[in-house]
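Observations on chain architecture
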Amino acid sequence: MNNIEINGKIELQHEYFANNRPSVETRIKALKLLYKNIKLMAPKICEALKLDLNKSDTEAYMSEIGIVLDEISYMLKHIKQYAHIQPESTPLSNFPAKSYTMPCAYGVVLIISPWNYPFMLAIEPLVDAISAGNTAIIKPSEFSPNTSAVIQELISKTFSKEYVDVVIGGVEECTYLLDQDFDYIFFTGSTRVGKIVMQKAAEHFTPVTLEMGGKSPCIVDDSADIKLTAKRIVFGKFLNAGQTCVAPDYLYCSEKIKDKLLYELGRQIVLQYSVDALGNENYPRIINEKQYNRLVNLLDKNSILFGGKFNDKTLKIEPTILDANFDSEIMQNEIFGPLLPILTFKTIDEAIKNVNKHNKPLALYIFSNDKKTQEKVLNNCDFGGGCINDTIMHIANHNLPFGGIKQSGIGAYHGKHGFDTFTHYKSIVHKYNWLDLPMRYQPFTKLKEKLIKMFLK
Ligand code: NAD
């Protein structure tokens, strides 16, 4: 898509927003139509996700389509309440008046999404953006082209171009988009590109949400229920073949339970994916050759404890566990694939200290049945969000904000937090005219000073 076309799309939306800010009724109508069209197009969306990532229909519904539908249902239930002015109390110094905050849309929003959950990560922020009254331009990832095409079809079927539109393209188009003046930018992707987005946004003082990644630790202490722990780690790590921003990146366990945990992890991999995960038609593949080669190069033969097979033709890598320490190559960057390094600690204090030496992760998981250990980890490590005795499931709760901290993210969304992210709250004091207290006006007197000191203390 050329720059003139991109400019045309942005101008159209600015003009539309300037003249027709979407009313709550318009938003509700749009959300209902979006819901209906997603349901109608669900088989097509599944097909695209199968082509791009070999996702099974069940996984596609559970981790992409269902999540978006659920977010729409949530917004339809709450939008009227959220879009209403929120009364606030007024201090005596402002008497007589009423005060309130007024939720207002930012305007034209740019949504940039990645390839790993290519449908959900483009459409869920859109749901929040339009619920809050914005218009939006979506730039889906160039690496999941089948899903991008379905997104384009869905959006053109549901919205007029001045309300929601799509720009198909890669780095060039995205760079051009980022040079334009948007009212808000919502980015999901790598920390490297997040930095570029933030720098570009600064040129226009555009507020941003950055949903990024990192190396999310999964800590397991001696007191954990090892069988259940292994089952839940295998679920969270190998969903979408590990290409999940909140997947446990590495396993950090007490040295006393390493062997037992390893045995159970292997058992769970076989139970969940069969002995031949590469032949399992419901096991996703790696998105492209570049990512596949990067991951295969991390497979140090000497350190493989379980799995390790891969297939150049299907771009699949089986669930694999490797021995590692913090200096291993696999521990230098976010893995983003089905490789799980296992590291050990002697004490929980040592574990906390080592986790804190690294960038602040998007997620952290602590498996322990000891309340003190759970609290110690939560109180002393910085991370976006996480679970005690589970993986990933904190993102499946509308009431919890989803986002990172520092290198793993700025801002959050989901449910009310999503509405707030795309909303500017105007603060209003509505002053009444029947009385006008004199203290604040010149000329000042001793009495006025005394009164001011009485009110402001
Ligand atoms: P990416 O940063 O490479 O790409 C994301 C988007 O940015 C794409 O649309 C791409 O076209 C665009 N882009 C890429 N390079 C650019 C550049 N130089 N200038 C401008 N735009 C550019 O990320 P990815 O590889 O698609 O996704 C993987 C990363 O995303 C991982 O780090 C993962 O942890 C993170 N992620 C985070 C979340 C979250 O919700 N926090 C969810 C999924 C993925």
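Residues numbered from 1 in each chain as written. Predicted model: local features only at pLDDT ≥ 70, side-chain atom pairs only at ≥ 80, totals over all residues. Heavy atoms only, no water.

1. A few points about the environment of Ser89
Basically, it comes down to this: Counting from the N terminus, the helices are DSSP H or I runs at least four residues long and the strands are E runs at least two residues long. When accessible area is computed with a 1.4 Å probe and restricted to protein chains, residues below 20% of their type maximum are described as buried, those above 50% as exposed, and intermediate ones as partly exposed.
Looking at the secondary structure, you find Ser89 in the loop between strand S1 (86-88) and strand S2 (97-105). Owing to a relative accessible area of 69%, Ser89 belongs among the exposed residues under this scheme. Between the C-alpha atoms of Ser89 and Leu364, which are 275 residues apart in sequence, the distance is 39 Å.

2. Quick notes on the sheet that holds strand S13 (residues 320-323)
Quick note on the threshold: Following DSSP output, two strands are said to pair if at least two bridges run between them. Here an angle of 0 to 180 degrees is reported between the N-to-C directions of two axes, which are lines fitted to C-alpha atoms, with helices fitted over the stretch in contact. We call two residues in contact when some of their heavy atoms are within 4.5 Å.
In space, the 7 strands of this open sheet follow the order S10-S13-S14-S9-S8-S15-S16, with mixed pairing throughout. The sheet terminates laterally at strand S10 (304-306) and strand S16 (385-388), the two strands that pair on one side only. For this sheet, the mean angle separating the axes of adjacent strands, direction not counted, is 25°. As paired strands, strand S9 (residues 250-254) and strand S14 (residues 339-345) are joined by 4 bridges and run parallel to one another. Considered in S14, the bridge of Ser254 is made with Phe345. With respect to the sheet, helix H9 (residues 258-273) is in contact with strand S8 (217-220), S9, S10, S13 and S14, its orientation differing from that of S9 by roughly 140°.

3. Quick word on the site of the ligand
We count it as follows: When at least one non-hydrogen atom of a residue lies within 4 Å of a molecule or strand, that residue is treated as near it. For this analysis, a polar contact is any N or O atom pair within 3.5 Å, provided that within protein one partner can donate a hydrogen and the other can accept it, and provided that sequence-adjacent residues contribute only side-chain to side-chain pairs. Each accessible area is a Shrake-Rupley estimate made with a 1.4 Å probe; only the visible protein chains count as cover when residues are assessed.
By nearness alone, 27 residues border the ligand, and Lys139, Glu142, Ser190, Met212 and Glu334 come closest of all. A distance of 2.6 Å separates an oxygen atom of the ligand from a polar atom in the side chain of Ser190. When the ligand is considered free in solution it has 840 Å² of accessible area, and contact with the protein chains removes 92% of it. The set of elements that each furnish at least two residues to the shell around the ligand consists of helix H6 (171-179), strand S6 (184-188) and helix H7 (191-203).

4. Side note on helix H8 (residues 226-238)
Note that an α-helix has 3.6 residues per turn; residues three or four places apart therefore point the same way. Stated precisely, the cut-off is as follows: A helix is expected to span 1.5 Å for every residue after the first.
Here H8 is 13 residues long and its end C-alpha atoms lie 18 Å apart, about the 18 Å a rise of 1.5 Å per residue gives. Where H8 is concerned, the buried positions are Ile226, Thr229, Ala230, Ile233, Val234, Gly236, Lys237 and Phe238. The secondary structure elements touched by the buried residues of H8 are S8, S9, H9, S13, S14 and strand S15 (363-367). Where H8 terminates, the next one or two residues include Asn240, which has phi positive at roughly 55°.

5. As for the domain arrangement of the protein
Using the following cut-off: The domain limits used here are those given by an automatic or database domain assignment. The term buried area means the drop in 1.4 Å probe accessible area that two parts suffer when joined, counted for both and summed.
In terms of domain boundaries, the protein breaks down into domain 1 (3-212 + 409-425) and domain 2 (217-396). On a C-alpha basis, the centroid separation for the pair domain 1 and domain 2 is 31 Å. Facing the 15 residues of domain 1 at the interface are 18 residues of domain 2. Between domain 1 and domain 2 lies a buried interface of about 1500 Å² when both sides are counted; carbon and sulfur atoms form 55% of it. Across the contact surface, domain 1 and domain 2 share 10 residue pairs in polar contact (both at pLDDT 80 or more). Broken down by secondary-structure element, the contributors of at least two residues to the side of domain 1 that touches domain 2 are helix H2 (24-53) and helix H3 (57-83).

6. A few points about the nonpolar core
Heads up, the condition is: Among the buried residues, those of types Ala, Val, Leu, Ile, Met, Phe, Trp, Tyr and Cys that are joined through side-chain atoms within 4.5 Å form a nonpolar core.
One finds Ile38, Ile123 and Leu126 to be the most contacted residues of the largest nonpolar core, which totals 112 residues. At 12 residues, the largest contribution of residues to this core is made by H2. Both of domain 1 (3-212 + 409-425) and domain 2 (217-396) provide at least three residues apiece to this core. Those residues in contact with Leu126 that lie beyond four places of it in its chain are Leu34, Ile111, Ala136, Ile138, Ile155, Phe159 and Val164. Within the second largest apolar cluster, 21 residues are counted, among which are Ile6, Ile185, Phe187 and Ala201.

7. As for the sheet that holds strand S17 (residues 409-410)
Strand order in the open sheet formed by 6 strands is S5-S4-S3-S6-S7-S17, with mixed pairing between adjacent strands. Both edges of this open sheet fall to strand S5 (164-166) and S17, since each of them pairs with a single strand only. Two elements, S6 and strand S7 (residues 208-211), share 4 bridges in a ladder whose sense is parallel. Bridging across to S7, Thr188 finds its partner in Glu211. Lying on the sheet, H6 is in contact with strand S3 (108-112), strand S4 (135-139) and S6; it crosses S3 at an angle near 150°. Here H7 sits on the sheet in contact with S3, S6, S7 and S17, set at roughly 175° to S7.

8. Looking at a nonpolar patch on the surface
Quick note on the threshold: A patch consists of residues exposed above 30% relative accessible area that lack any salt bridge, with like charges linked at up to 9 Å and nonpolar side chains (Val, Leu, Ile, Met, Phe, Trp, Tyr) linked at up to 5 Å. Definition used for salt bridges: Asp or Glu carboxyl oxygen within 4 Å of a side-chain nitrogen of Lys or Arg.
Taken together, the side chains of Leu92, Phe95, Tyr432, Trp434 and Leu435 define a hydrophobic patch exposed on the protein surface, amounting to about 520 Å² of accessible area. By the secondary structure assignment, Leu92 is in the loop between S1 and S2.

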